[in-house]
Amino acid sequence: MLAQIQQPIAEELGRYTELFKASLQSNNPLLTSALNHLTRKLGKMMRPTLLLLCAREGGAITDEALHAAASLEMLHTASLVHDDVVDESNMRRGQRSVNALFDNKAAVLVGDFITSKALTEMALTHSLEAIERMAWLGQTLADGELLQLNNTQSTVFSESAYYDVIAKKTAALFSTCARLGAHLGGADGETTGRLERFGHILGLCFQLRDDIFDFDESIDAGKPKGNDMHEGKLTLPAIHALNKAADARYYRLAMRVRGHEASKLDVQELVEFTIATGGIDYAESEMQRLHDEALAMLDNCLRLTSLSRLRSKEGNVRRGPLLGSEDLK
């Protein structure tokens, strides 16, 4: 399905990939080794795909949009490198994390280097709005990580706190990709705003799906099952189950998880409790609600751009569908 979504921008994604890898080069042997390790697997390129599709919908995929796509993915990559240090994670995208392969000191410095490269790429958009938005995004990602750390100290299992974290850690990046893609592609303000909102909702869906994967042994999500709990994180399925059951035994288990005191058996028991209490079903229903909201927002965006095409005097701007209902499933 993703290949079908990316087909209209396959050529531009190829150019993006070349730009991304070429920008992450160094003469330092240790840094080169770490960068080669990180760029060996580029993932599904969801964020660059969203940015380039929004640029295409806005009017055209410009060189500035390609630089923005590379910049935001670099910032995202740097944040993951730093997050793995904070979370003491050993795996990322199905391979060893930078901190596991080298050490925490090297990982922090590699993340700093990539962040600097991201700033360089964003400067090449020659857009003050793009640079300001990137600065906002960097602050928001750090804020989200700190909120998540603070939640591990809380004795309350709050859905609103969970959504606040994923809005800042995941949805903010998606909404920025959509906004800057539309802006640099030439979209008007109203279309840009609607696509930004679409990106935000899509980011929430993306994180919910990833959190659900953590409970499913049959899916290879590039990380060990129950990994979130082993890192002291309680995501929406577990939060809902704990609030629904209000069972003192599982409350104590959850607090051991947050305190990084849970054994493998503790995590397994809490995972089984979450599934049995309907936590997965609830999270899937929430994801479906957001899915429907995203489609409604997207339909509005496409109607808006269709109207602008009818009003256009040029008549030769090539635009096409961004995503359909099947693409968000």
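None of these values were measured; they are calculated from a predicted model.

A. Representation of the overall build of the protein in the model. Scanning the protein from N- to C-terminus turns up 15 helices and two strands. Each of the 329 residues in the protein was classed as buried or not, and the buried ones make up 51%. Restricting the contact set of the protein to residue pairs at least 6 apart, pairs at least 24 apart contribute 76%. With an accessible surface of roughly 15,500 Å², the protein has 52% of that area assigned to carbon and sulfur atoms.

B. Seen up close, unusual backbone geometry. Residue M45 is not a glycine yet carries a positive backbone phi of 55°. As for its placement among the helices and strands, M45 is situated in the loop between α3 (29–39) and α4 (46–58).

C. Looking closely at the nonpolar core. Residues Y16, L52, M229, L234 and L270 are the most contacted members of the largest nonpolar core, which totals 87 residues. The greatest single-element share of this core, amounting to twelve residues, is contributed by helix α9 (residues 159–185). Among all residues touching M229, those that are not within four sequence positions of it are D214, F215, L234, A238, V257, V267, L270, V271 and T274.

D. Region of interest: the packing of α3 against helix α7 (residues 104–123). Contact geometry for α3 and α7: axes closest at 11 Å, N-to-C directions at 75°. When the axis of α3 is compared with that of α7, the two are roughly perpendicular. Here L30, L31, A34, L35 and L38 of α3 come into contact with α7, specifically with A106, V110, F113 and I114. Grouping the constituent residues of the contact of α3 with α7 by class yields nine nonpolar, no polar and no charged.

E. Region of interest: the confidence of the model for the protein. For the protein, per-residue confidence averages 90 on the pLDDT scale, and residues scoring 70 or more make up 90% of the total. Here residues 312–321 is a poorly scored stretch, pLDDT under 50, and it has 14 contacts once near neighbours within four places are set aside; other chains count.

F. Structural detail: a nonpolar patch on the surface. Together, V86, L146 and L149 line one region of the surface with nonpolar side chains, adding up to about 260 Å² of accessible area. With a relative accessible area of 37%, L149 lands in the partly exposed category.

G. Region of interest: the pattern of salt bridges. Using the criterion set out here, one finds 16 salt bridges in the structure. The residue D84 makes a salt bridge to R92 at a minimum N-O spacing of 2.7 Å. Note that K168 and D143 form a salt bridge whose closest N and O atoms lie 2.8 Å from each other. Residue K168 is found in helix α9, and its partner D143 is found in helix α8 (residues 128–151); the two are separated by 25 residues along the sequence. Classification of K168 by relative accessible area gives partly exposed; the value is 23%. Here the salt bridges share partners, and the residues they tie into one network are E129, R133, R179 and E196.

H. Inspection of the environment of M74 at higher detail. With respect to the secondary-structure elements, M74 resides in helix α5 (residues 63–87). A relative accessible area of 0% places M74 in the buried class. Once residues within four sequence positions are removed from consideration, M74 is found in contact with F20, S23, L24, I114, K117, A118 and E121.

I. Highlighting the packing of aromatic side chains. All chains considered together, the criterion is met by five aromatic pairs. Relative to Y163, the ring of Y162 lies with its centre 5.4 Å away and its plane at 75°, an arrangement referred to as edge-to-face. The exposure class assigned to Y162 is buried, which follows from its relative accessible area of 6%. Owing to a relative accessible area of 18%, Y163 belongs among the buried residues under this scheme. Arranged with centres 5.1 Å apart and planes meeting at 40°, the rings of F174 and F206 form a pair that is tilted. Here F174 is found in helix α9, whereas its partner F206 is found in helix α10 (residues 189–213), with 32 residues between them in sequence. Residue F174 is classed as buried on the basis of its relative accessible area, which comes to 1%. Classification of F206 as partly exposed rests on a relative accessible area of 32%.

The rules we used
All residue numbers here refer to positions counted from 1 along the written sequence of the relevant chain. Restriction of local features to residues with pLDDT of at least 70 applies here, the model being predicted, together with a cutoff of 80 or more for giving and counting side-chain atom pairs; totals for whole chains, interfaces and linings are based on all residues. Based on all heavy atoms of the structure, the side-chain values leave hydrogens and waters out of the count. Numbering of helices and strands runs from the N terminus, with a helix taken as a DSSP run of H or I at least four residues long and a strand as a DSSP run of E at least two residues long. Residue exposure (1.4 Å probe, protein chains only): buried if accessible area is under 20% of the type maximum, exposed if over 50%, otherwise partly exposed. We call two residues in contact when some of their heavy atoms are within 4.5 Å. Per-residue and other accessible areas follow the Shrake-Rupley method at a 1.4 Å probe size, with only the shown protein chains counted as cover for residues. To qualify as a nonpolar core, a set must consist of buried Ala, Val, Leu, Ile, Met, Phe, Trp, Tyr and Cys residues joined through side-chain atoms within 4.5 Å. Think of each axis as a best-fit line through the C-alpha atoms, taken over the contacting stretch in the case of a helix, with angles from 0 to 180 degrees between the N-to-C directions. These descriptions rest on fixed angle ranges, namely under 35 degrees for roughly parallel, over 145 for roughly antiparallel, 65 to 115 for roughly perpendicular, and the rest for oblique. For this classification, Asp, Glu, Lys and Arg are treated as charged, while Ala, Val, Leu, Ile, Met, Phe, Trp, Tyr, Cys and Pro are nonpolar and the rest, including Gly, are polar. Residue-level confidence of the predictor is summarised by pLDDT, bounded by 0 at the bottom and 100 at the top. Here, patches come from residues exposed beyond 30% relative accessible area and free of salt bridges, joined within 9 Å for like charges and within 5 Å for nonpolar side chains (Val, Leu, Ile, Met, Phe, Trp, Tyr). By salt bridge we mean one thing: a side-chain nitrogen of Lys or Arg within 4 Å of a carboxyl oxygen of Asp or Glu. Classification of ring pairs rests on two measures: the distance between centres of Phe, Tyr or Trp rings, Trp counted by its six-membered ring, which must be within 6.5 Å, and the angle between planes, read as stacked under 30 degrees, edge-to-face over 60 and tilted in between.

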